[in-house]
Amino acid sequence: MSVNISQFLEFMKLHPLPEQVPGGQVPEKRRSSPETCLHEPGEMLDVPAYCQQHGVEIAKIETGNGGQTKYILAQCVFDPSHTGKDAAIFQDADGKLGYKCFHNSCSGYGWKEARAKISGDVPLSSGGSRRNAASAAKEEQPDSPLPLIKKNELSEPFPFHVLGPLMEAACRDIQQAVQAPDALIAQCVLASANLAVQPLRDMLIDGRGFPLSLFLLTIAATGERKSAVDQVVLRPHRDAEYQADKDMDSLCALYEMELAAWEKEKSVLINDSKRTAEEKQFALEQLQRRKPKKPLDQKRLVSDFTFEGMYKLFQAGVPSKGLFADEGGQVTGGHGMRQETILATAAGLSKFWDGGTVDRIRAMDGASSLRGRRLAVHLMMQDKVGLDFFSNPILRDQGLGSRMLAAWPTSTAGGRAYSAVNVLETAGVQRLHEQIEALLAHPMPYREDSNKQELQPPAMTLSHEAKQAWVEFYNQVEAETGPKQTLEPVRGLANKAAEHAARIAGTVQLFENPAAVAVEEWAMQCGVEAAAWYLNEALRICGASNPSAHLLDAERVLRWIHENGLKRVTLPDMYQYSPVRSAGAARKAVETLKAHNHLLEPEIPKGEKKPHVIGLNRKKSREWWEVHAESGSSSHDG
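Residues numbered from 1 in each chain as written. Predicted model: local features only at pLDDT ≥ 70, side-chain atom pairs only at ≥ 80, totals over all residues. Heavy atoms only, no water.

### What about the sheet that holds strand S4 (residues 87-91)?
Here is step 1 of the chain: Read across the open sheet, the four strands follow the order S2-S3-S4-S5; overall the sheet is antiparallel. The sheet is open, and its two borders are formed by strand S2 (58-63) and strand S5 (97-101), each paired with just one other strand. With direction set aside, neighbouring strand axes in the sheet form an average angle of 20°.
Here is step 2 of the chain: In terms of strand pairing, strand S3 (residues 69-73) meets S4 through four bridges, oriented antiparallel. (Pairing = 2+ DSSP bridges. Helix = DSSP H or I, 4+ residues; strand = E, 2+ residues; numbered from the N terminus. Axes fitted to C-alpha atoms, helices over the stretch in contact; angles between N-to-C directions.)

Structure, rendered in structure tokens:
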């Protein structure tokens, strides 16, 4: 059975990612939030809320003569290649709607056809209307703020079966007991299994070898039970590390005794007056070969990361490690991801993923290299942190993002009735732990005379049938990465999708059968279907993490406002102290935040001027706005 990539991408075509409500100049009207507005006689459609609800991005809003409002779309709903000012929704003062695209191929389409394309037969009463001007004027309370950048809630369920029978059973037991999002569970289980198998085998396809190591990233808000799941699946790894630490105490004590005896023997030899210089030199060379070796640091799990620290751990410890953090912000927000170090960190992590030699040159320490090391990664991070990670141009251009398999599952909060199940006693989890323990007991394939610090895993190949399925997937993905094709927005990941599929397949195969020397067809089908799911997910995340520049600026300003607890803000405060440091950019951010009801114009009696207020800079300004009492620091709040 072959897996067709188009089957997994069709979901995105039918359910496009809800884009952002734009900023810019807007008519002086209050908008109702799409969750609370109704569509009753005498009301008119709230076009921005309607577009936001159905994933249509508005690029600009203009007001014309006679009260008509023109909503210029980022792209035509019938042909995405029609961009700029080509397509727009029109709304007259009485609420009458129209649609126009200025390309000849769309000349026959009006509002009726556009509405059918955007929302089908979904009634407008399901959201997206607003009260007419007369009723709106009577509203005493400002409408709730609209999200600046909205996450897609239509996440596709993770196909547990692609992880193989053992991992699938564990996932389902954890899902029943912990009730965390399915993809979060799958990521944790897959990462734990990958950490166990990565030192045992490498993959070899047509002469090109690469590790089985996976870099996984899960985006989930506070309260999604990230830590609860992580504690369950990593338990055998932590138990093994705890036991190794206990053994390390006695090993270190023995090492200190042996080293002291060696040092004494060396001292006696140096002070031996009966030997000639040549004899001493020969004896010292022989003695040096018998110098006790310091026990290797057995630490395998790392959560607080800098590249320098990881490099030193590999120098002094075992050659297979996992960078696992249930609060990934500690990693992405730490020293290793600062502006001056982020490129070197990303390049170093990419080298570990590739399985290549990792070099390090320092003025004090000189040059050194790491070979034969394996690193598995699973970072779980808050929505806002994940957004910043994926929108970071350095990480995107360097290529680390294309080496990471990301998931952003829909929240399960609100539907998690108490489950009186001890997850550690479920059959699936117990079998998972037993298999990980057995894999950890396997001796690592070390390179000779490397003091057990360099791995030399034997190669794992593909069966004939598995190779056919892999090549078919490779070609299907490649065909979808061209200009204006489905996978063009995530071309970097797509270029490595086949390798991701092979790594997942190898992990699944070895976890089920540690003695396997080749990936069978069923395991490759698992890898292919999983990689297709990740491609689909990447398209969703790409849409949410690449909003227009004015929305990103507004998001940064809004976060700054709330971090500083401001109830009102002046324009000079923004361009002097916020992340947006020009008056022009600050004005655009203000318009965007006003359009989303995060900033409000103060109520001034008719005929009076807006009063001065004193800003953070201790200067007076008439350009100031109130912060909505319900405004949050982000649409991604957990």
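So, next bit.
### Describing the sheet that holds strand S19 (residues 599-600)
Here is step 1 of the chain: If you trace the three strands from one edge of the open sheet to the other, you get S18-S22-S19, paired in antiparallel fashion. Single-partner strands in this sheet number two, and they are strand S18 (568-570) and S19.
Here is step 2 of the chain: As paired elements, S19 and strand S22 (residues 624-627) share two bridges and run antiparallel to each other. By the bridge assignment for S22, Leu 599 is matched with Val 627.

### Considerations on the packing of helix H6 (residues 182-197) against helix H15 (residues 427-441)
Here is step 1 of the chain: Interaxial distance between H6 and H15 falls to 8 Å at its minimum, and their mutual angle equals 25°. By the criterion of interaxial angle, the relationship of H6 to H15 is roughly parallel. Listed contacts from H15 to Val 189, Ser 192, Ala 196 and Val 197 of H6 are Leu 432, Ile 436, Leu 439 and Leu 440.
Here is step 2 of the chain: For the contact of H6 with H15, the residue count by class is seven nonpolar, one polar and no charged. (Parallel < 35°, antiparallel > 145°, perpendicular 65-115°, else oblique. Contact = heavy atoms within 4.5 Å. Nonpolar A, V, L, I, M, F, W, Y, C, P; charged D, E, K, R; others polar.)

### Description of the pairing of S5
Here is step 1 of the chain: Within S5, four of the five residues are buried, leaving the element largely enclosed by the surrounding structure.
Here is step 2 of the chain: Summarising the sheet, S4 and S5 pair through five bridges and their orientation is antiparallel. Bridged to Ala 87 within S5 is Cys 101.
Here is step 3 of the chain: Remark: five residues form the turn of the hairpin made by S4 and S5, two consecutive strands paired antiparallel; Gly 95 in that turn has positive phi of roughly 100°. (Buried < 20%, exposed > 50% of the residue type's maximum accessible area, 1.4 Å probe, protein only.)

### Some remarks on the environment of Leu 146
Here is step 1 of the chain: In this fold, Leu 146 is placed in the loop between helix H4 (133-136) and helix H5 (164-178).
Here is step 2 of the chain: Spatially, the C-alpha atoms of Leu 146 and Gln 52 are 9.7 Å apart, while their sequence positions differ by 94 residues.

### What to know about the pattern of salt bridges
Here is step 1 of the chain: The tally for this structure, following the rule as stated, stands at 19 salt bridges.
Here is step 2 of the chain: Asp 553 serves as the salt-bridge partner of Arg 556, at 3.2 Å between the closest nitrogen and oxygen. You can see Arg 556 and its partner Asp 553 sitting in helix H20 (residues 549-563), three residues apart, about one turn around the helix.
Here is step 3 of the chain: Given the relative accessible area of 24%, Asp 553 is considered partly exposed.
Here is step 4 of the chain: Salt bridges sharing common partners tie together Glu 591, Lys 594, Glu 601 and Lys 610. (Salt bridge = Lys/Arg side-chain N within 4 Å of Asp/Glu carboxyl O.)

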